[in-house]
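Analysis of the macromolecular model
The primary structure of each chain is shown beneath.
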Amino acid sequence: MKAKILGTMLACAIAAGCSSANTAENPMVGGAPMYQSKNIVENAMNSKDHTTLVAAVKAADLVDTLSGPGPFTVFAPTNAAFDKLPAGTVETLLKPENKPTLGSVLTYHVVPGTLDAKSLLADIAANKGKAMLKTVNGENITLEMMGNGIGITDAKGNMSMVTIADVRQSNGIIHVIDKVLLP
């Protein structure tokens, strides 16, 4: 089993861009370069694929936190991921009276520390194919290998996939995901 997971890690590194070398150039995200010298919020603001996430971070008053020293690992859902939520969900969450709920959803996408794909895959391998991570909101997410990628299961049993791994920031790392995680 361990050999299979390690083989899959290599396939992930080659096929899905899961390289964790510190010298590796950051991938483009949302058509924009991501700079290791910028923080999570600064880079997210430049991605055309993360405008909904940025609006949500602003509405939840999390800009200062996610611009701070961290380090943070952020599983960043794209605009398309937010579009997969039931109609009206995003608009409802962005209302001022729903700020605590929005904050809970957003902090469910954040894990303390800088966990690159290599670290995540090692944790998955060390724990018989599944790794549990405690998010900043206090609830767990479960990571596992799904084909050549990393799948994330939320508290509701929904599965998201990492589509771009290891986007390094000055205060952590971002992994782009294709669905919103729900606590």
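**Re the overall build of the chain**
- Assigned secondary structure in the chain consists of eight helices and seven strands.
- Looking at the 183 residues of the chain, the share that counts as buried comes to 48%.
- Long-range contacts, defined as pairs at least 24 residues apart, comprise 63% of the intrachain contacts of the chain with a sequence gap of at least 6.
- Accessible surface, the chain: about 8800 Å² in total, of which carbon and sulfur atoms supply 58%.

**Quick word on the pattern of salt bridges**
- Going through the model one piece at a time under the given rule, you end up with three salt bridges.
- The residue Lys48 makes a salt bridge to Asp49 at a minimum N-O spacing of 3.7 Å.
- On the accessibility criterion, Lys48 (57% relative accessible area) is exposed.
- Across the pair Lys99 and Asp61 runs a salt bridge, and its minimum N-O distance is 2.3 Å. Separated by 38 residues along the polypeptide, Lys99 in helix α7 (residues 99-107) and Asp61 in the loop between α3 (51-59) and α4 (63-67) bring together distant segments of the chain.
- Residue class for Lys99 comes out partly exposed when judged on its relative accessible area of 33%.

**Thoughts on empty space enclosed by the protein**
- Applying the stated criterion across every chain, the model contains three cavities of 30 Å³ or more.
- Counting residues per element, the ones that place at least two in the lining of the largest cavity are α2 (40-46), α3 and β1 (72-77).
- Classifying every residue of the lining of the largest cavity gives 15 nonpolar, one polar and no charged.
- The space that makes up the second largest cavity amounts to roughly 50 Å³.

**Structural notes on the sheet that holds strand β2 (residues 110-112)**
- Taken together, the seven strands give an open sheet; going across it, the order is β2-β1-β7-β6-β5-β4-β3, and neighbouring strands pair in mixed fashion. At either margin of the open sheet sits one strand with a lone partner, and together these are β2 and β3 (130-134). Strand-to-strand twist of the sheet, defined as the mean angle between neighbouring strand axes without regard to direction, takes the value 30 degrees.
- Sheet topology note: the strand β6 (residues 159-169)/strand β7 (residues 172-177) ladder contains five bridges and is antiparallel. Bridge pairing links Ile164 to Val176 in β7.
- Packing against the sheet, helix α8 (residues 117-126) makes contact with β1, β3, β4 (140-146), β5 (149-153), β6 and β7, and its axis sits at approximately 120 degrees to β3.

**Remarks on the confidence of the model for the chain**
- Taken residue by residue, the chain gives an average pLDDT of 88. The fraction at 70 or more is 87%.
- In the predicted structure, residues 1-23 sits below a pLDDT of 50 and forms 29 contacts with residues beyond four places in sequence or in another chain.

Procedures and definitions
- Residues numbered from 1 in each chain as written.
- Predicted model: local features only at pLDDT ≥ 70, side-chain atom pairs only at ≥ 80, totals over all residues.
- Heavy atoms only, no water.
- Helix = DSSP H or I, 4+ residues; strand = E, 2+ residues; numbered from the N terminus.
- Buried < 20%, exposed > 50% of the residue type's maximum accessible area, 1.4 Å probe, protein only.
- Contact = heavy atoms within 4.5 Å.
- Areas by Shrake-Rupley, 256 points an atom, 1.4 Å probe, with all protein chains shown as cover.
- Salt bridge = Lys/Arg side-chain N within 4 Å of Asp/Glu carboxyl O.
- 1 Å grid on protein atoms, 1.4 Å probe; cavity = no way out; pocket = protein on both sides within 12 Å on 5 of 7 lines; lining within 4 Å.
- Points joined across faces, edges and corners; volume = space filled by probe spheres on them.
- Nonpolar A, V, L, I, M, F, W, Y, C, P; charged D, E, K, R; others polar.
- Pairing = 2+ DSSP bridges.
- Axes fitted to C-alpha atoms, helices over the stretch in contact; angles between N-to-C directions.
- pLDDT = per-residue confidence, 0-100.

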